[in-house]
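Architecture and fold: a report
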Amino acid sequence: MAPVGGTAVQDHVALAEIELCGELIIAASAADEERLSLESIDEVLRVAEERGA
């Protein structure tokens, strides 16, 4: 049971991973093809932007 008093711990890495998974799910559900291509996955996850930074 969680302690009472608003002592919630936030794991920012876990929250970011959950957000990215959600974006992948949305992209996959909107895709015309059966599976997302690797390029599409990289685009959703903004891989090129991270490599450029």
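About the thresholds
- Residues numbered from 1 in each chain as written.
- Predicted model: local features only at pLDDT ≥ 70, side-chain atom pairs only at ≥ 80, totals over all residues.
- Heavy atoms only, no water.
- Helix = DSSP H or I, 4+ residues; strand = E, 2+ residues; numbered from the N terminus.
- Buried < 20%, exposed > 50% of the residue type's maximum accessible area, 1.4 Å probe, protein only.
- Polar contact = N/O pair within 3.5 Å; in protein donor to acceptor, adjacent residues only side chain to side chain.
- Contact = heavy atoms within 4.5 Å.

**Structural notes on the environment of Asp11**
Counting through the fold element by element, Asp11 comes out in the segment before helix H1 (12–30). The class for Asp11 is partly exposed, based on a relative accessible area of 43%. A distance of 3.2 Å separates a polar side-chain atom of Asp11 from the backbone nitrogen of Val13.

**Some words on the environment of Val44**
Mapping Val44 onto the fold places it in helix H2 (residues 38–44). By relative accessible area, which is 18% here, Val44 ends up buried. In sequence terms Val44 and Ala28 are 16 residues apart; their C-alpha atoms lie 9.9 Å from each other. Val44 has contacts with Glu23, Leu24 and Ala27, leaving out every residue within four places of it along the chain.

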